[in-house]
2 protein chains.
Amino acid sequence: MATSLTQTIAGSAARGQTEAVLASWNDGPAKRSVLDFVRRVTTTGSPEFVKPEERIAVFDNDGTLWSEQPVVFQAAFVIDRLKALAPQHPEWKKNPVIQAALAGDIGAVAAGGQRALGELVMVTHAGMTTEEFTKIVEDWIASARHPRFNRLYTDLVFQPMLELLGYLRANGFKTFVVSGGGIEFMRVWVEKIYGIPPEQVIGSSIVTKFEMLAGVPVLTRLAQMNFVDDHAGKPVGIHSHIGRRPIAAFGNSDGDLQMLQWTTENSGARFALLVHHTDGDREYAYEVSALGKLDAALTEAKAKGWTVVDMKRDWNRIYPFEAK
Amino acid sequence: MATSLTQTIAGSAARGQTEAVLASWNDGPAKRSVLDFVRRVTTTGSPEFVKPEERIAVFDNDGTLWSEQPVVFQAAFVIDRLKALAPQHPEWKKNPVIQAALAGDIGAVAAGGQRALGELVMVTHAGMTTEEFTKIVEDWIASARHPRFNRLYTDLVFQPMLELLGYLRANGFKTFVVSGGGIEFMRVWVEKIYGIPPEQVIGSSIVTKFEMLAGVPVLTRLAQMNFVDDHAGKPVGIHSHIGRRPIAAFGNSDGDLQMLQWTTENSGARFALLVHHTDGDREYAYEVSALGKLDAALTEAKAKGWTVVDMKRDWNRIYPFEAK
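Engineer: Got a minute to help me understand the sheet that holds strand β5 (residues 248-251) of chain B in this structure?
Structural biologist: Residues and elements named next belong to chain B. Spatial strand order, β4-β3-β2-β1-β5-β6-β9: seven strands in an open sheet with mixed pairing. Strands with a single pairing partner mark the edges of an open sheet, and in this sheet they are β4 (216-227) and β9 (307-310). For this sheet, the mean inter-axis angle between neighbouring strands, taken without regard to orientation, is 30°. Here strand β6 (residues 271-276) pairs with β9 via four bridges, running parallel. Across the sheet, residue Leu274 finds its bridge partner in β9, namely Val308. Taken strand by strand, helix α13 (residues 295-304) contacts β6 and β9, and its axis lies near 135° from that of β6.

Engineer: Is there a simple way to explain the sheet that holds strand β6 (residues 271-276) of chain A in this structure?
Structural biologist: Strand pairing within a sheet occurs via backbone hydrogen bonds; the two strands may be parallel or antiparallel. Residues and elements named next belong to chain A. Pairing within the open sheet is mixed, and its seven strands lie in the order β4-β3-β2-β1-β5-β6-β9. Here the strands that pair on one side only, and so sit at the sheet edges, are β4 (216-227) and β9 (307-310). Ignoring strand direction, the axes of neighbouring strands in this sheet form an average angle of 30°. Across the sheet, helix α12 (residues 257-264) touches β1 (56-59), β2 (174-182), β5 (248-251) and β6, and the angle it forms with β5 is around 165°.

Engineer: Looking at this structure, I do not really get the relation of the copies chain A and chain B. What am I missing?
Structural biologist: For the pair of chain copies, the relating transformation is a rotation about an axis with a translation along it. Overlaying chain A with chain B gives an RMSD of 0.0 Å, the required rotation being 180° about an axis along which the chain moves by 0.0 Å. Such a combination of rotation and displacement between the chain copies is what one expects of a two-fold axis. Of the C-alpha atoms belonging to chain A, the one lying closest to the rotation axis is found on His241 of chain A, 3.2 Å away. Both copies share a contact surface, since 100% of the interface residues of chain A are interface residues in chain B too.

Engineer: What is the right way to look at the packing of helix α2 (residues 29-42) of chain B against helix α8 (residues 159-170) of chain B in this model?
Structural biologist: When two helices pack together, their arrangement is captured by the angle between the axes and the distance separating the axes. All names here are of chain B. Packing of α2 against α8 brings their axes to within 11 Å, and their N-to-C directions diverge by 15°. Put simply, α2 runs roughly parallel to α8. With respect to the hand of their crossing, α2 and α8 are arranged in right-handed fashion. Of the residues in α8, those in contact with Val34, Leu35 and Val38 of α2 are Leu164, Tyr167 and Leu168. When grouped by side-chain class, the residues that make up the contact of α2 with α8 number six nonpolar, no polar and no charged.

Engineer: How should the confidence of the model for chain A be read in this particular structure?
Structural biologist: Low-pLDDT portions of the prediction should not be read for the details of their coordinates. Residues and elements named next belong to chain A. With 93% of its residues at a pLDDT of 70 or more, chain A has an overall mean of 92. Within the model, pLDDT remains below 50 along residues 1-18, and this stretch shows 21 contacts once partners closer than five positions in the same chain are excluded. Scored as a complex, the prediction yields pTM 0.93 and ipTM 0.92.

Engineer: Got a minute to help me understand the side chain of Asp314 of chain A in this structure?
Structural biologist: Residue and element names in this part refer to chain A. Within the secondary structure, Asp314 sits in helix α14 (residues 311-314). Under the relative-accessibility criterion, Asp314 is labelled buried at 2%. Those residues in contact with Asp314, other than ones at most four positions away along the chain, are Ser24, Trp25, Asn26, Ala30, Val308 and Val309.

Engineer: Help me out: how do you make sense of the nonpolar core in this one?
Structural biologist: Soluble, globular proteins show a tendency: their nonpolar side chains are buried together. Counting residues in hydrophobic clusters, the biggest one holds 56 residues, and the most contacted among them are Trp189, Tyr194 and Phe250 of chain A. Broken down by element, the residue count for this core peaks at six residues, all from helix α2 (residues 29-42) of chain A. Discounting residues that sit within four places of it in the chain, Phe250 of chain A has contacts with Ala57, Val58, Phe59, Asp60, Thr64, Met161, Leu164, Leu168, Met259, Leu260, Phe271 and Leu273 of chain A. One finds Phe73, Ile141, Tyr167 and Leu273 of chain B within the second-largest nonpolar core, a separate group that totals 55 residues.

About the cut-offs
- Residues numbered from 1 in each chain as written.
- Chains lettered and ligands numbered in written order.
- Predicted model: local features only at pLDDT ≥ 70, side-chain atom pairs only at ≥ 80, totals over all residues.
- Heavy atoms only, no water.
- Pairing = 2+ DSSP bridges.
- Helix = DSSP H or I, 4+ residues; strand = E, 2+ residues; numbered from the N terminus.
- Axes fitted to C-alpha atoms, helices over the stretch in contact; angles between N-to-C directions.
- Contact = heavy atoms within 4.5 Å.
- Least-squares fit on C-alpha atoms with pLDDT ≥ 70 in both.
- Parallel < 35°, antiparallel > 145°, perpendicular 65-115°, else oblique.
- Left-handed = near helix turned anticlockwise from the far one by under 90°.
- Nonpolar A, V, L, I, M, F, W, Y, C, P; charged D, E, K, R; others polar.
- pLDDT = per-residue confidence, 0-100.
- Buried < 20%, exposed > 50% of the residue type's maximum accessible area, 1.4 Å probe, protein only.
- Core = buried A, V, L, I, M, F, W, Y, C linked by side-chain atoms within 4.5 Å.

See below:
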């Protein structure tokens with residue numbers, strides 16, 4: 001189905017948008033595929049029209065909506081928490097996983113697998129009420145800075161994806177974050193930086209327990225995993241939280257593959273997009289990270305005609321703080 | 001803070017409502033408490049004003065939004081499924097729990113506790129994909145009838161609560177169902193009868209697993225409990241799905257007590273309401289059911305000044321099918 005980009009933008013303008021749509025996206029197949037999809041599902045009377053309540057779009061977070069290098073945001077939080085708590089825990093000196101993390105040796109931690117990661121999460125994320133944890137995260141993000149750009153981590157969001165979130169919402173979509181990151185960790189800042197409310201955030205979680213402390217009802221965070229929202233967990237998390245299948249999904253790694261498969265397997269117009277990190281000058285260029293690979297997802301994208309964003313080619317601006 | 005009912009209705013009318021607000025509610029303390037609360041949290045500049053995105057209201061389902069007698073809706077589904085599946089399961093003849101359920105002996109099933117209930121749920125709710133389960137539920141609710149009223153179960157909703165849901169939404173609230181019932185069971189019909197979308201339904205769940213069946217991604221329902229959304233589970237489910245504390249909660253039994261405690265414990269205007277089933281002529285009159293008691297919740301309501309609806313006194317109409 002051929003679409004004129006000019007016509008699509010004119011259509012959007014008619015709906016009240018005066019600024020250029022997706023201004024940080026260069027004209028090309030990636031941008032055109034987004035505009036074409038949105039036009040098809042929002043055109044009344046079109047055979048591919050989708051009712052507004054079914055316009056569900058799901059976004060991975062790390063590497064898709066913002067940078068995940070040199071370490072993913074939550075890993076930076078874990079390391080800083082370990083440093084802050086270490087003086088109270090002399091027994092940690094005998095713990096090789098904690099010592100590796102304190103030394104910033106992410107490779108050694110990753111080599112320990114889920115068990116090592118789980119241990120670090122538990123000593124930094126459990127043992128307090130949900131409100132206390134929120135306060136700890138709020139305090140940290142107000143000052144923690146990215147080592148390369150020397151900016152708050154929350155400045156490292158991708159301008160083109162902010163525009164995409166806004167564009168989809170302006171077209172009746174409900175946008176969700178679906179991340180392997182901690183659900184309660186993310187909810188502290190997701191609304192502020194993406195305009196996505198906490199009830200539209202899906203993530204990994206530890207068990208919480210309702211109890212009365214001195215007559216006050218609290219939820220206490222226990223040192224026990226509840227759910228891992230990554231790989232095959234993402235469709236499970238989506239189904240549990242949303243209860244209907246998305247029609248559009250956005251990711252950047254093999255951890256997002258099952259989410260993209262789940263979203264696109266159905267009749268009707270469906271959209272899947274992978275962000276490919278190809279710009280080492282403005283951001284980072286990589287296909288393998290401590291978090292996982294991209295090869296299975298890229299292969300499937302090619303076979304199924306999913307959209308692949310080449311950041312260097314497709315985005316004329318990466319971060320909001322860059323000059324236009 | 002004294003409020004004139006006439007003023008409040010006038011205020012609502014000014015916001016575009018032409019019909020009388022909460023028409024099926026008799027004038028009295030219950031109705032006045034609802035109107036007063038909504039006025040306080042929606043009046044711009046008021047010290048108790050709450051931003052629209054924080055106007056979260058949570059509703060128990062069985063006994064709060066619709067009738068739960070003589071058996072709760074999902075129990076009727078379980079019994080009908082057992083009857084339909086029994087011919088394929090001759091081994092069930094030796095199973096006393098299943099035989100009790102087939103004979104409609106809810107007391108005997110309840111006496112078996114969580115274990116007996118769990119067994120019945122697993123043989124009727126697991127072992128199929130999520131889409132297959134949805135189809136089974138859809139087919140059943142299209143024909144299953146309530147034994148006393150000889151109507152579809154979905155007709156047995158409380159008209160005053162439908163009006164309340166609409167009134168809250170017209171005032172910027174986001175309404176959620178928070179029920180001990182199965183989340184996937186409820187999502188099939190909740191949107192149609194209450195106008196609440198699936199992503200705003202919280203309930204009990206079994207484990208689902210993502211897998212590829214003949215190249216098609218599916219979620220398979222496993223015979224394993226995932227989460228029980230009742231009693232102390234309700235605040236946990238609310239926190240997991242919504243990620244912020246409600247400002248209003250509505251229930252009818254001790255299973256809702258912790259949800260009401262969690263909602264009302266905080267600064268600012270908060271609202272809690274219990275539906276008390278006092279009308280045996282038009283509905284049912286009871287304080288204890290197979291599902292649980294009401295005494296702890298009623299005692300706390302009295303101590304804390306929560307609103308208690310006396311159905312006989314406060315509601316001039318119970319079901320939508322009654323003449324006005």
